[in-house]
Amino acid sequence: MNTERSDYFRNKLLQMKGDLISKLNERYNEALSFGNDGTQDSGDEAYNIYNKNLMLGKVETDALKLQLVEQALIRITGGTYGVCIECEDEIEERRLEYVPFARFCTECKSEMEKKGLVRI
Ligand SMILES: [Zn+2]
């Protein structure tokens, strides 16, 4: 990948990183606020726990994405961005456009998914 393209993806990743961090902060605060008003009965409590877990699940996915974005930025710096970490083939730019933090080419990704090894 040439410098121009990797700069393009670096900017995309940095943008994504900023968005994920603010979303994470927001959701985290939201999750913490569930059930903290002190006025609910046990039905509300179950509902709040459900919501809290749902929210924390989303936080977990975003935290994982953030981690992948960080790793992709490191690969850009190291000059290995856009290369599948499994088979070392180039990852299709179409795929990177859609998932800038992709670690695997489409083929390896679907293999991994079949085996249940990756979620993202
Ligand atoms: Zn691959």
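Just so it is clear, the model here is predicted, and its values are computed rather than measured. (Residues numbered from 1 in each chain as written. Predicted model: local features only at pLDDT ≥ 70, side-chain atom pairs only at ≥ 80, totals over all residues.)

1. Concerning the overall build of the protein chain
Here is step 1: Across its full length, the protein chain holds 4 helices and 0 strands.
Here is step 2: Listed by position from the N terminus, the elements making up the protein chain come as α-α-α-α.
Here is step 3: In terms of overall size, the protein chain is more extended than a compact globule, its C-alpha atoms giving a radius of gyration of 18 Å where 120 residues would be expected to give roughly 14 Å.
Here is step 4: Dimensions of the protein chain, computed from C-alpha atoms along their principal axes, come out at roughly 60 × 30 × 20 Å.
Here is step 5: Burial analysis of the protein chain (120 residues in total) assigns 13% to the buried set.
Here is step 6: Pairs at least 24 apart in sequence give 59% of the contacts found in the protein chain among residues at least 6 apart. (Helix = DSSP H or I, 4+ residues; strand = E, 2+ residues; numbered from the N terminus. Rg over C-alpha atoms; globule rule 2.2 N^0.38 Å. Buried ≥ 20, exposed ≤ 12 C-beta atoms within 10 Å, placed from the backbone. Contact = placed C-beta atoms within 7 Å.)

2. So, the nonpolar core
Here is step 1: Membership of the largest hydrophobic core is limited to 12 residues, which are F9, L13, L20, V69, A72, Y81, I91, L96, F101, A102, F104 and C105.
Here is step 2: Put simply, the parts of the chain that give this core at least two residues each are α1 (3-33) and α2 (42-78).
Here is step 3: It is α1 that contributes the most residues to this core, 3 residues altogether.
Here is step 4: Each residue touching F101, except ones within four places of it in the same chain, is listed here: L13, K65, L68, V69 and A72. (Core = buried A, V, L, I, M, F, W, Y, C linked by C-beta atoms within 7 Å.)

3. Some thoughts on α1
Here is step 1: Over its 31 residues, α1 extends 45 Å from the first C-alpha to the last, a length consistent with the 45 Å expected when each residue adds 1.5 Å.
Here is step 2: Regarding α1, the residues found buried are F9, L13 and L20.
Here is step 3: Contacts made by the buried residues of α1 are with α2 and α3 (93-98). (Expected span 1.5 Å × (residues − 1).)

4. A closer look at the environment of G57
Here is step 1: With respect to the helices and strands, G57 occurs in helix α2.
Here is step 2: Placed 55 residues apart in sequence, G57 and M112 show a C-alpha to C-alpha distance of 21 Å.

5. Quick notes on the packing of α1 against α2
For any two helices packed against each other, the geometry is given by the interaxial angle and the distance between the axes.
Here is step 1: Taken N-terminus to C-terminus, the directions of α1 and α2 make an angle of 155°; their axes are 9 Å apart at the nearest point. The angle between α1 and α2 places the two elements in the roughly antiparallel class. Regarding α1 and α2, the two cross each other, and that crossing is left-handed.
Here is step 2: Taken together, the residues of the contact of α1 with α2 sort by class into 17 nonpolar, 1 polar and 9 charged. (Axes fitted to C-alpha atoms, helices over the stretch in contact; angles between N-to-C directions. Parallel < 35°, antiparallel > 145°, perpendicular 65-115°, else oblique. Left-handed = near helix turned anticlockwise from the far one by under 90°. Nonpolar A, V, L, I, M, F, W, Y, C, P; charged D, E, K, R; others polar.)

6. Re the confidence of the model for the protein chain
Here is step 1: Looking at the protein chain, pLDDT values average 89 and 93% of them are 70 or higher.
Here is step 2: Of all secondary-structure elements in the protein chain, the lowest mean pLDDT belongs to α2, at 89, while α3 reaches the highest, 95. (pLDDT = per-residue confidence, 0-100.)

7. Some points on the environment of N53
Here is step 1: As for its placement among the helices and strands, N53 is situated in helix α2.
Here is step 2: Looking at N53, the number of C-beta atoms within 10 Å reads 12, which means it is exposed.
Here is step 3: In sequence terms N53 and M16 are 37 residues apart; their C-alpha atoms lie 24 Å from each other.

8. What to know about unusual backbone geometry
With glycine set apart, most residues show a phi of negative sign, and most peptide bonds adopt trans.
Here is step 1: Phi is positive for E88, which is not a glycine, with a value near 65°.
Here is step 2: You can see E88 is positioned in the loop between α2 and α3.

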